[in-house]
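# Notes for the structure review
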Amino acid sequence: RVFKQQAVNPNLLRTVEMHVREFFYCVKGSGNKRSSMAKEVRWLKPAFGWLKLNTDGSVVGDNGIAGCGGLIRDSNGLWITGFAKPTTAFSSLVAELFALREGLALCVELQAQAVEVELDASAAISLISCNITSNGDLSVLVDDCREFLLQLPQARMTHCYREANCCADALAKLGANLSSACNRFNSPPPVAIPFLLVDSLGTARTRMVPFGSCNSSS
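Here the residue index of a chain counts from 1 through its sequence in written order. Local features in a predicted model are, by the rule used here, given only for residues with pLDDT of at least 70; side-chain atom pairs are given and counted only at 80 or more, and totals for whole chains, interfaces and linings are based on all residues. As a convention, hydrogens and water are excluded, and side-chain values are obtained from all of the structure's heavy atoms.

## Concerning the pairing of strand β4 (residues 79–88)
Throughout, exposure labels follow a simple rule: accessible area from a 1.4 Å probe, protein chains only, divided by the maximum for the residue type, with under 20% read as buried, over 50% as exposed, and the rest as partly exposed. Going along the chain from the N terminus, every DSSP run of H or I of four or more residues is numbered as a helix, and every run of E of two or more is numbered as a strand. Counting buried positions along β4 gives seven out of 10 residues, so the element sits mostly inside the fold. If DSSP finds at least two bridges between two strands, the strands pair. Across nine bridges, the pairing between strand β3 (residues 65–73) and β4 is antiparallel. Bridge pairing links Gly67 to Pro86 in β4. In this antiparallel pair of consecutive strands, β3 and β4, the connection spans five residues, and Gly77 shows a positive phi of 80 degrees. Note that β4 and strand β7 (residues 183–185) share three bridges and pair antiparallel. Residue pairing for β7: Phe83 is matched across the bridge by Arg184.

Structural data, given as structure tokens:
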């Protein structure tokens, strides 16, 4: 940056910290190389009487522009509601937590009785699920998510591969392109319709995973 005469990012320290946190949670304990295998991944309907919330976050570049999105479907896989919202985040982990908080708040607003929360960010799930008190810039987001979960009579969080979370990903990218406010969708927006169709048909997408691994979204 010095030799190119570029301005220093005023949020450089925060950006580096967020990337380190994300790296730590994603690669911890993965030092051994393992062979890979092809795995069919698909979105699965929740159990009867349950709703499923899928959320995702999307970061555009390193300037803090990001978006979050999510949707709620019933046990038949039918759209109930969804959202897309612009936000500021310097790592995908922060964007994922913003999306999760927004989605959980929507579930509470709907007075949902049983919700399966599904996202493709294992780091976010680890932060929410552990009993350790959170600190730093993530603490408010983590605490809010935990509080909303406690307000739901029945709730469980599960990890899915990103191939099973394409609809939420499309909404997150839509949110990153919005100018302001949070858009709520009582019916699917055009960007989500192709992915909803794939999910409703139970169509599988192929992903290479470490040999012997398993996932609930297969």
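Structure shown, so let's carry the discussion forward.
## Thoughts on the confidence of the model for the protein chain
On average, the protein chain scores 88 in pLDDT, and the residues at 70 or more come to 86%. Per-residue confidence from the predictor is reported as pLDDT, which spans 0 to 100. Of all secondary-structure elements in the protein chain, the lowest mean pLDDT belongs to helix α1 (residues 12–27), at 73, while strand β5 (residues 114–119) reaches the highest, 98.

## Observations regarding the sheet that holds strand β6 (residues 154–159)
Taken together, the six strands give an open sheet; going across it, the order is β6-β5-β2-β3-β4-β7, and neighbouring strands pair in mixed fashion. Either end of the sheet is taken by a strand with one partner, and the two such strands are β6 and β7. Taken over all neighbouring pairs, the strand axes of this sheet differ in orientation by 15 degrees on average, direction set aside. Of the strand pairs in this sheet, strand β2 (residues 51–60) and β3 are connected by nine bridges, and their pairing is antiparallel. Paired with Ser58 across the two strands is Gly67, which belongs to β3. Should any heavy atoms of two residues lie within 4.5 Å, those residues are counted as being in contact. With axes taken as lines fitted to C-alpha atoms, and helix axes fitted only over the stretch in contact, angles between N-to-C directions fall between 0 and 180 degrees. Contacts from helix α2 (residues 92–109) reach β2, β3, β4, β5, β6 and β7 within the one sheet, and its direction differs from that of β2 by about 150 degrees.

## A word on the side chain of Thr81
With respect to the element layout, Thr81 can be found in strand β4. Here a polar contact is recorded for every N or O atom pair within 3.5 Å, except that within protein the pair must consist of a potential hydrogen donor and a potential acceptor, and residues adjacent in sequence are included only if both atoms are side-chain atoms. Within the local environment of Thr81, its side chain forms a polar contact with the backbone oxygen of Phe185, the two atoms lying 3.4 Å apart. Setting aside residues up to four positions removed in sequence, Thr81 forms contacts with Leu71, Ile72, Leu106, Leu110, Phe185 and Asn186.

## Quick word on the packing of α2 against helix α3 (residues 122–129)
Running from N to C, α2 and α3 point in directions that differ by 60 degrees, and their axes come no closer than 9 Å. For the crossing formed where α2 meets α3, the hand is right-handed. On α3, the residues that touch Leu93, Glu96, Leu97 and Leu100 of α2 are Ala123, Ala124, Leu127 and Ile128. Residues of the contact of α2 with α3, tallied by class, amount to seven nonpolar, no polar and one charged. Note: crossing handedness is left-handed where the near helix turns anticlockwise from the far helix by less than a right angle, and right-handed where it turns clockwise. The nonpolar class holds Ala, Val, Leu, Ile, Met, Phe, Trp, Tyr, Cys and Pro. Asp, Glu, Lys and Arg form the charged class, and all remaining residues, Gly among them, are polar.

## Notes on the environment of Arg101
Mapping Arg101 onto the fold places it in helix α2. Assessed through its relative accessible area of 22%, Arg101 is described here as partly exposed. Separated by 2.8 Å, the side chains of Arg101 and Asp144 make a polar contact.

## Focus: the pairing of β5
Where burial is concerned, most of β5 is hidden: six out of the six residues are buried. Every second residue of β5 is oriented toward a common face, with Ala114, Glu116 and Glu118 on one face and Val115, Val117 and Leu119 on the other, all of them buried. As judged from the four bridges shared by β2 and β5, these two strands associate in the parallel manner. Note that in β5 the partner of Lys52 across the bridge is Glu116. Pairing of β5 with β6 involves six bridges; the strand directions are parallel. Bridge pairing in β6 links Val117 to Met157.

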